[in-house]
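# A closer look at the structure
Spelled out from the first residue to the last, the chains are:
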Amino acid sequence: MVTPISSIRRVGRLTALALTAAVLLGGCGGGDEAGLVVAPSVLDWGQVIHGERLVRELTLTNTSKQAIYVNEVKPNCKCVQPGPFQRNLHPGESRTVQVVLDTSTLPIGELKGKKLDILSNDPHQPFASADVVATVYRTHTIAPEGRLDVGRLAGMRRDLDWRVLLRPVGDAKIELVRAVVSPAGVFDITTEAVDDGHDVLLRVAKDAGGDGVIQCRLAVELEVEEPGRAKRRAVERIRVDGSW
């Protein structure tokens, strides 16, 4: 059977178009690839102690042939904070960003859903990200945690104490360094060693009194020691509320 000339011409035109498309796509060198490369893609802190502040580095590299401007490195959690960084990246240039993880406000257990978004003018990938992974555990407990309500103090007996209990967890050992309440003059502070832990006692100061709301801050500094790890300092903060 003889193939018509018109069919041969149509096939020829389609083949030429397909080859042209293949050349154009191949010439892009993987047009979907990002020019800005973020490494590592996962910032994994591993097991971290509640209350620690830890630092990791994130590297931003411009692998394209054009300059890239990084608009923002944006965390989705206040527990993760990036430091200052160079926003302009020339072709082939790399810059590091120091990232701080503050575990003092994190719940105990596996950290989930936290990340850093990197926004740039990279035409292929203007939005990049790095996941933040950690498992938070305690070396000690504090009770009450976060807030102590002393109620109304009008006519309160001066020999009544409020106790903040600090106890080690597992094989950890804790030593009380100091306890400070601010503003000064509302409460006096004493401490007691109890078993392996410590109690911080708050008592209304002798000359304290007034009318209105009481809003104080108690800061307790500890020295924590664990097997196989260096000693470290930890600070626990409690809001003390009440009224006269």
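Above this text is the structure in question.
Parameters and conventions
- Residues numbered from 1 in each chain as written.
- Predicted model: local features only at pLDDT ≥ 70, side-chain atom pairs only at ≥ 80, totals over all residues.
- Heavy atoms only, no water.
- Helix = DSSP H or I, 4+ residues; strand = E, 2+ residues; numbered from the N terminus.
- Buried < 20%, exposed > 50% of the residue type's maximum accessible area, 1.4 Å probe, protein only.
- Contact = heavy atoms within 4.5 Å.
- Areas by Shrake-Rupley, 256 points an atom, 1.4 Å probe, with all protein chains shown as cover.
- Core = buried A, V, L, I, M, F, W, Y, C linked by side-chain atoms within 4.5 Å.
- Pairing = 2+ DSSP bridges.
- Axes fitted to C-alpha atoms, helices over the stretch in contact; angles between N-to-C directions.

## Considerations on the overall build of the protein chain
When helices and strands are counted, the protein chain shows 1 helix and 18 strands. Out of the 244 residues in the protein chain, the part that is buried amounts to 33%. Within the protein chain, counting contacts between residues at least 6 apart in sequence, those at least 24 apart form 67% of the total. For the protein chain, the exposed surface amounts to about 14700 Å²; the carbon and sulfur share of it is 51%.

## Comments concerning the nonpolar core
The nonpolar side chains of a soluble globular protein tend to be buried, and buried together. If you look at the biggest cluster of nonpolar residues, it comprises 28 residues, and the most contacted ones within it are Phe 187, Val 200 and Leu 218. Among the secondary structure elements, those contributing two or more residues to this core are strand 12 (147-152), strand 13 (161-168), strand 14 (173-182), strand 16 (197-204), strand 17 (213-225) and strand 18 (232-243). If you tally residues by element for this core, the top one is strand 17, at 6 residues. Dropping the residues within four chain positions of it, Leu 218 is found in contact with Val 164, Ala 179, Val 180, Val 181, Ile 189, Val 200, Leu 202, Glu 236, Arg 237, Ile 238 and Val 240. Within the second largest apolar cluster, 27 residues are counted, among which are Val 38, Leu 43, Leu 116 and Val 136.

## Concerning the sheet that holds strand 11 (residues 140-143)
Reading across from one edge, 11-13-16-15 is the order of the 4 strands in this open sheet, with antiparallel pairing throughout. Each of the sheet's edge strands pairs with one partner strand only, and the pair in question is strand 11 and strand 15 (187-194). Direction aside, neighbouring strands of the sheet carry axes that sit 15° apart on average. Summarising the sheet, strand 11 and strand 13 pair through 4 bridges and their orientation is antiparallel. Looking at strand 13, one finds that Ile 142 is bridged to Leu 166.

## Considerations on unusual backbone geometry
With omega at 0°, the peptide bond leading from Ala 143 into Pro 144 counts as cis. Positionally, Pro 144 belongs in the loop between strand 11 and strand 12. Following Ser 182, the chain continues into Pro 183 via a peptide bond in cis, with omega recorded as 0°. Unlike most non-glycine residues, Asp 195 shows phi in positive territory, near 50°. Judged by its relative accessible area of 78%, Asp 195 falls in the exposed class.

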